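Listed below, chain by chain, are the residues.
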Amino acid sequence: MFADTPSPPPATGGRAQQVLAHVFGYSAFRGEQQAIVEHVAAGSDALVLMPTGGGKSLCYQIPALLREGTAIVVSPLIALMQDQVSALVEAGVRAAFLNSSQDADTARAVERAAYVGELDLLYVAPERLMTPRFLDQLDHLRDTGRLALFAIDEAHCVSQWGHDFRPEYLQLSILPERYPAIPRIALTATADRQTREEIARRLNLTHARRFISSFDRPNIRYTIVDKDDPRRQLLAFIREECPGQAGIVYCLSRRKVEETAAWLCEHGVNALPYHAGMTQELRAGHQTRFLREDGLVMVATIAFGMGIDKPDVRFVAHLDLPRSIEGYYQETGRAGRDGLAAQAWMAWGAQDVVQQRRMIDESEASEEFKRLARNRLEVLVGLVEATTCRRQHLLAYFGEDSAPCGNCDNCLSPPQTWDATEAARKALSCVYRTGQRYGAGHLIDVLRGELTDKVVERGHQDITTFGIGSELDEKRWRTVFRQLVARELVAVDHERYNALRLTDAARPLLRGETGFHLRLERERSRSRSRRRAATPMDIPGGIPTTLFDRLRAWRAATAKERNVPAYVVFQDATLREIAIARPRSQGELAGISGIGDRKREAYGDAILEIVATTG
Ligand code: ADP
Ligand code: ZN
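Values in this document were obtained by computation on a predicted structure and should not be read as measured data.

Student: I'm lost on the UniProt feature "domain: Helicase C-terminal" (unreviewed entry) in the protein chain in this one. Help?
Tutor: Mapped onto this numbering, the UniProt entry gives "domain: Helicase C-terminal" (unreviewed entry) at residues 230-380. Along residues 230-380 one finds 48% helix and 15% strand; the C-alpha atoms at either end are 19 Å apart.

Okay, structure coming up:
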């Protein structure tokens, strides 16, 4: 019935700012937030693409508070809904959710509250939204002018090609038919163009204004190291860079998840496993602990992560090569949603590449699929082997130009490279002269001129490549062969004892048309401590630790008492600011980011007390 009446264009700017400050406790909008809020608050449709941690939630939460009535938020994950609603309730917003985890009485109470207009935001799962009963309720809200907007979170779930596909999302296209006058905002952190177009088409949002943010995550530092003793490298990384902090460690197999978690625990890191082979109950238990407790490390397969909203994950580590750049970016994006310094760390070895290639080759998939999978892998190899800025590589992949970032391993300590052209040619010709039938070990013996039994038996001391590589030691030759394999100049025949043979890609190098440069392994630890000093945003570096620790302890106790995740009470960023500013009055507290009116009333006295009594 409001279809033809354009919403009045209120001066939302000033009001939006007020809500931002008083409800959420933030002094300024970030990036495109303000434009999006004003656009939606004025009754228009929007498609929002913003990286994880960009601040998507406020883009619909503030319009929900500015517009008359209840906003309906479609969200695919129960855990996510619960935590978002807890955070809103803490901030004094009238929010609730409806999903299958509730008993009938609770659900009825929520429905009742919605019906009589007591809710500003109602989170629902898509399957619930589409029930006739719920649609009737929505009709009622619309007919009484109390349906504020629809927000469709994780909108990429509508894409059939992505791995998060949820068939129920397809039905959301009926919303504009049934409620043409109600604005809709769809949000996702999935960047690629194909998914973007599919979202617009399937949700009938092709006309909607698009807000596309940069996908850069400047607070995340990317580091990729050569695998040597990966578990020890991981442990050293955690101890040196993020001791006591929450993090996620990704492994490919369930067994490796279990083993790594157990090993970390033995070495004093508070770690939990998570994979699809565990019982539903155990998995949910570990997820809840990770979300609620401070400083836990989750060791997981990629089954873990979608919708993990925890803002203070300080690191994401990969012990195995991810499947694609998109996967890597999505997984690492779970670090540092709160904008504070965070780390993405990966250990990789050429063996990983060989193994993944083999998995692709041996899979039952179609040739087309295999070709795509190989391409994806190659792009990833380009990233791990890069000797220039990692972020530039990543962003270029998503179509963004950028300058060297100054916050990745290659920027912070530029890798030394070694011109291995001569060595690589010698290696290739040795593969060829011995008949493409031997593995790296024997080939290295031949190159180095070792008179082993096998060499003598095969008469390899008489071929032209015997002894032409004595200037390099065995370890260095191993590196050369690994890299030749990683870059596919040489292929491994697993059926024949890992015999190496030349590929077409080796030709240009053999003909002298291209060179072959390798990165030298960097000196460990030393460069690391130097880098560490250069991070102003580090936790707890630079802030009074005792006060910060006391605030954290208070927060943990409060969160437990209220049965909510710690970050719902206050985020790390807020505690840090308190520890630095040492507010002495309610007025000074109000100036701190993340403390809205409601939280100041609820916790202000306790905080001031802690500050006053900590030296
Ligand atoms: P997304 O859903 O895009 O991953 P969130 O909405 O969860 O991101 O926001 C990420 C973090 O940034 C949260 O911790 C949130 O409180 C914080 N945040 C969002 N907008 C602002 C802002 N304008 N000022 C300060 N912090 C903000
Ligand atoms: Zn860089």
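That shown, we press on.
Student: Got a minute to help me understand the side chain of Arg-552 in this structure?
Tutor: With respect to the element layout, Arg-552 can be found in helix H24 (residues 545-562). Accessibility expressed as a relative area gives 17% for Arg-552, which makes it buried. Apart from the residues within four sequence positions on either side, Arg-552 is in contact with Gly-244, Gln-245, Asp-294, Gly-295 and Leu-575.

Student: So what exactly am I meant to see when it comes to the sheet that holds strand S12 (residues 315-318) here?
Tutor: Two pairing modes exist for strands in a sheet, parallel and antiparallel, and in both the strands are linked by backbone hydrogen bonds. Here six strands make up an open sheet; going across it, the order is S8-S13-S12-S9-S11-S10 and the pairing parallel. Two strands close off the open sheet at either side, each with one partner strand: strand S8 (220-226) and strand S10 (271-274). In this sheet, adjacent strand axes meet at a mean angle of 15° when their direction is disregarded. Relative to strand S11 (residues 297-300), strand S9 (residues 247-250) runs parallel, the two sharing four bridges.

Student: I tried to follow the environment of Thr-387 on my own but got confused; where do I start?
Tutor: If you trace the backbone, Thr-387 turns up in the loop between helix H15 (367-385) and helix H16 (390-397). We classify Thr-387 as partly exposed; its relative accessible area is 35%. Among all residues touching Thr-387, those that are not within four sequence positions of it are Asn-410, Pro-415, Thr-417 and Arg-519.

Student: Mind showing me how you'd approach the pairing of strand S5 (residues 147-152) here?
Tutor: Side-chain positions along a regular strand alternate between the two faces of the sheet. With six of six residues buried, S5 lies mostly within the body of the structure. For strand S2 (residues 70-74) and S5, the ladder comprises five bridges, and the chain directions are parallel. Considered in S5, the bridge of Thr-70 is made with Leu-147. Note that S5 and strand S6 (residues 184-188) share three bridges and pair parallel.

Student: It is not clear to me how the coordination of the zinc ion (ligand 2) should be interpreted in this structure. Could you clarify?
Tutor: Around a metal, the idealised angle for a tetrahedral arrangement of four donor atoms is 109.5 degrees; for an octahedral arrangement of six donor atoms it is 90 or 180 degrees. Surrounding the zinc ion (ligand 2) are the protein donor atoms Cys-389 (SG), Cys-405 (SG), Cys-408 (SG) and Cys-411 (SG), which sit 2.3 to 2.4 Å from the metal. Note that the zinc ion (ligand 2) binds four donor atoms; their angles at the metal cover 102 to 119°, and the shape is tetrahedral. Mapping the donors of the zinc ion (ligand 2) onto the primary sequence yields the spacing C-x15-C-x2-C-x2-C. With Cys-389 in the loop between H15 and H16 and Cys-411 in helix H17 (residues 409-412), this pair connects stretches of sequence that are 22 residues apart. Exposure remark for Cys-411: the relative accessible area of 23% places this residue in the partly exposed category.

Student: Just checking my understanding: could you explain the sheet that holds strand S4 (residues 121-124) for this structure?
Tutor: In spatial order, the strands read S3-S4-S2-S5-S6-S1-S7; together these seven strands make up an open sheet with parallel pairing. Both edges of this open sheet fall to strand S3 (95-98) and strand S7 (209-212), since each of them pairs with a single strand only. On average, each strand axis in the sheet is tilted by 20° relative to the strand beside it, whichever way the strands run. Contacts from helix H7 (residues 132-143) reach S2, S3, S4 and S5 within the one sheet, and its direction differs from that of S5 by about 135°.

Student: Just to check I follow, could you spell out the domain arrangement of the protein chain for this structure?
Tutor: Interfaces are often sized by the amount of accessible area the parts lose when they come together. In terms of domains, the protein chain is made up of domain 1 (14-212), domain 2 (220-411), domain 3 (418-520) and domain 4 (545-612). Look at where the C-alpha atoms of domain 2 and domain 4 centre, and you get two points 32 Å apart. Contact with domain 2, which involves 13 residues of that partner, is made by 12 residues of domain 4. Note on domain 2 versus domain 4: buried area summed over both sides is about 980 Å², and carbon and sulfur give 47% of it. Looking at the side of domain 2 facing domain 4, the largest losses of area belong to Arg-292, Asp-294 and Leu-340, adding up to 51% of the total buried there. At the junction of domain 2 and domain 4, the tally comes to three salt bridges. Put simply, Arg-314 and Asp-572 hold a salt bridge, and the shortest N to O gap is 3.9 Å. Run the count over domain 2 and domain 4 and you get two residue pairs in polar contact (both at pLDDT 80 or more). Among the residues forming the side of domain 2 that touches domain 4, the class breakdown is three nonpolar, three polar and seven charged.

Student: Which parts of the structure should I look at to understand the nonpolar core?
Tutor: As a rule of thumb, nonpolar side chains are buried together in soluble globular proteins. Core analysis: the biggest nonpolar cluster contains 76 residues, and Leu-122, Leu-129, Leu-138 and Phe-290 have the highest contact counts within it. The greatest single-element share of this core, amounting to six residues, is contributed by H15. Looking at which domains feed residues into this core, each of domain 1 (14-212) and domain 2 (220-411) gives three or more. Discounting residues that sit within four places of it in the chain, Leu-129 has contacts with Ile-72, Val-74, Val-124, Phe-134, Leu-135, Leu-138, Leu-172 and Leu-175. Among the nonpolar cores identified, the runner-up in size contains 35 residues, and Ala-41, Met-50, Ile-62 and Val-85 belong to it.

Student: In this structure, what is going on with the pattern of salt bridges? I would like to understand it.
Tutor: A side chain with one charge can pair with a side chain of the opposite charge if their charged atoms come near. One pass over the full model with this rule turns up 41 salt bridges. Ionic pairing is found between Asp-83 and Arg-292, a salt bridge with its closest N-O pair at 3.9 Å. You can see Asp-83 sitting in helix H4 (residues 78-90) and its partner Arg-292 sitting in helix H12 (residues 280-292), a full 209 residues away along the chain. Given the relative accessible area of 5%, Asp-83 is considered buried. Exposure remark for Arg-292: the relative accessible area of 26% places this residue in the partly exposed category. We note a salt bridge from Glu-90 to Arg-562, for which the minimum N-O separation is 2.6 Å. Of this pair, Glu-90 sits in helix H4 while Arg-562 sits in helix H24, and the two are 472 residues apart along the sequence. Overall, Glu-90 belongs to the buried group, its relative accessible area being 7%. Within the structure, one salt-bridge network assembled from shared partners comprises Asp-294, Arg-314, Asp-338, Arg-552, Arg-555 and Asp-572.

Calculation criteria
- Here the residue index of a chain counts from 1 through its sequence in written order.
- Chain letters start at A and ligand numbers start at 1, both assigned in the order the entries are written.
- With the structure being a predicted model, the display of local features is reserved for residues of pLDDT at least 70 and the display and counting of side-chain atom pairs for 80 or more, all residues being used for whole-chain, interface and lining totals.
- Neither water nor hydrogens contribute to the side-chain values; these are computed over all heavy atoms in the structure.
- UniProt positions are given in the numbering used here, feature names are shortened, and annotations may be inferred rather than shown by experiment.
- In DSSP terms, a helix is any run of H or I states spanning at least four residues, a strand is any run of E spanning at least two, and both are numbered starting from the N terminus.
- Partly exposed residues are those whose accessible area sits between 20% and 50% of the maximum for their type, while under 20% is buried and over 50% is exposed, using a 1.4 Å probe and protein chains only.
- Note on definitions: a residue-residue contact is assigned when non-hydrogen atoms from the two residues lie within 4.5 Å.
- DSSP-based pairing: two strands are paired if at least 2 bridges between them are found.
- Axes, fitted as lines to C-alpha atoms, cover a helix only where it is in contact. Angles between the N-to-C directions of the axes lie from 0 to 180 degrees.
- Only nitrogen, oxygen and sulfur atoms qualify as donors, provided they sit within 2.8 Å of the metal or within 3.2 Å for Na, K and Ca; with water excluded from the atoms, sites may seem incomplete.
- Angular criteria define each label, namely tetrahedral for four donors with all angles between 85 and 135 degrees, square planar for four and octahedral for six donors with opposite donors over 155 degrees apart and remaining angles between 65 and 115, and irregular for whatever fails these tests.
- Domain ranges listed in this record stem from an automatic or a database domain assignment.
- Take the accessible area each of two parts loses on contact, using a 1.4 Å probe, and add the two losses: that sum is the buried area.
- Here, a salt bridge means any side-chain nitrogen of Lys or Arg that lies within 4 Å of a carboxyl oxygen of Asp or Glu.
- Any pair of nitrogen or oxygen atoms within 3.5 Å is treated as a polar contact; in protein, a donor-acceptor pairing is required on top of that, and neighbouring residues in sequence qualify only through side-chain atoms on both sides.
- Here the nonpolar group is Ala, Val, Leu, Ile, Met, Phe, Trp, Tyr, Cys and Pro; Asp, Glu, Lys and Arg are the charged ones; every other residue, Gly included, is treated as polar.
- As used in this record, nonpolar core signifies buried Ala, Val, Leu, Ile, Met, Phe, Trp, Tyr and Cys residues forming a set joined through side-chain atoms within 4.5 Å.

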